[in-house]
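# Architecture at a glance
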Amino acid sequence: MGQRTPLYQEHVDAGAKMIDFGGWDMPLHYGSQIAEHHAVRTKAGLFDVSHMRAVEVRGPKAQAFLRFLLANDVAKLSPGRALYGCLLNDAGCVLDDLITYSVAPDWFRIVVNAGPAEHDIAWFRAHAGAFEVEIAPRPDLAMLAVQGPEALARAAPVLGAAHAALLALKPFHAIATDGLFLARTGYTGEDGFEVLLENARAREWWRALVGEGITPAGLGARDTLRLEAGMNLYGHDMDETVSPLESGLAWTVSLTPERDFVGRAALVEQQARGLRTRLAGLVLTGPGVVRAGQAVNTSAGAGVLTSGSFSPT
């Protein structure tokens, strides 16, 4: 038995097919992965993403610490803004991809992936000494993602007074209100938002959102949605064996000369000598479905599929 989110019983009661994902018991689908995918693309879908871990980084040197730890530069952030980027090892390879939110000048909230979460937290702590920052995981917080073109409209009765403020936010911006942390972020290629809230409130919110006609969606739809949107999945499209430059994530790396960070020297060297591999998108023009692990042969050499699936849209 894996770890369970506060919404585990909701999933079971809804007839979800449960699977292990990063050590967590999570819903794969609630009957039809395709129907859930289309609900997100055309109306609105609801995901339990409470297996992902929120981590607080606080202290006067919090910004300096994260500028050293992450390949993207949090100096770009003002309070209320978010940034996507990678956590690298000394070899410049990807330990995890994560989103960093600036809450206040000395307070950042980071959301890390489920599988590498404990390793990430240990990595943070191993590098925190000189910066005297507080590293505080938040297992008391659940996380829901509401995604789709009708996500904000359908969620309006549940959001209440926060709806107008959320509607006014640009992508990759966030607000804290009424014990909620609301962000215009997601992993589907659609409009929508994510909400961090106390575990004790998660079931109430889940039921209220479902009551507004928002379709529960599992990991299966989450995977096909993110694949159609060209979004990487940690452990498949990048891991500790490849760099962000090789993984289609060069746009998340800030190599400005005035800032050093973990893995920077390795990335500069890699840039100078050229990349060994390159992540590319493939489209199958004939019948069939591509799957992870399959061999790919091209004029540029042999490769391997990192992610593949039938594309519902």
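Residues numbered from 1 in each chain as written. Predicted model: local features only at pLDDT ≥ 70, side-chain atom pairs only at ≥ 80, totals over all residues. Heavy atoms only, no water.

### Things to note about the packing of aromatic side chains
With the rule as written, the count across this model stands at 4 aromatic pairs. Ring geometry for tyrosine 84 versus tryptophan 251: centroids 5.7 Å apart, planes at 25°, classification stacked. Of this pair, tyrosine 84 sits in strand E5 (residues 82–88) while tryptophan 251 sits in the loop between helix H8 (219–228) and helix H9 (264–273), and the two are 167 residues apart along the sequence. Assessed through its relative accessible area of 17%, tyrosine 84 is described here as buried. (Phe/Tyr/Trp six-rings, centres within 6.5 Å; stacked < 30°, edge-to-face > 60°. Helix = DSSP H or I, 4+ residues; strand = E, 2+ residues; numbered from the N terminus. Buried < 20%, exposed > 50% of the residue type's maximum accessible area, 1.4 Å probe, protein only.)

### Section: the sheet that holds strand E7 (residues 107–112)
Across the sheet, 5 strands lie side by side as E5-E6-E7-E4-E8; this open sheet has antiparallel pairing. Two strands close off the open sheet at either side, each with one partner strand: E5 and strand E8 (134–137). Averaged over all pairs of adjacent strands, the angle between their axes in this sheet comes to 30°, without regard to strand direction. As defined by bridge partners, strand E4 (residues 53–58) adjoins E7 across 6 bridges and the pair is classed as antiparallel. What sits directly across from valine 55, in E7, is isoleucine 110. (Pairing = 2+ DSSP bridges. Axes fitted to C-alpha atoms, helices over the stretch in contact; angles between N-to-C directions.)

### Considerations on helix H3 (residues 62–69)
Those residues of H3 that fall on the buried side of the exposure criterion are Ala62, Phe65, Leu66 and Leu69. Buried residues of H3, viewed axially, fall in a sector of 90°; they line one side. (Arc of directions from axis to C-beta.)

### Some points on a nonpolar patch on the surface
There is a patch of nonpolar side chains on the surface, built from Ile34, Val289 and Phe310 and spanning about 240 Å² of accessible area. The residue isoleucine 34 is located in helix H2 (residues 33–42) in this model. Residue classification places isoleucine 34 among the partly exposed residues on the basis of a relative accessible area of 36%. (Patch = residues over 30% accessible without salt bridge, like charges linked within 9 Å, V, L, I, M, F, W, Y side chains within 5 Å. Areas by Shrake-Rupley, 256 points an atom, 1.4 Å probe, with all protein chains shown as cover. Salt bridge = Lys/Arg side-chain N within 4 Å of Asp/Glu carboxyl O.)

### Side note on the sheet that holds strand E9 (residues 141–147)
Across the sheet, 6 strands lie side by side as E10-E11-E12-E9-E3-E13; this open sheet has mixed pairing. Edge positions in the sheet fall to strand E10 (174–177) and strand E13 (215–216), since each has one partner strand and no second. Pairing of strand E11 (residues 180–183) with strand E12 (residues 192–198), which is carried by 3 bridges, proceeds in the antiparallel orientation. Paired with leucine 182 across the bridge in E12 is valine 195. Of the strands in this sheet, E9, E11 and E12 are in contact with helix H5 (residues 151–159), which crosses E12 at around 30°. (Contact = heavy atoms within 4.5 Å.)

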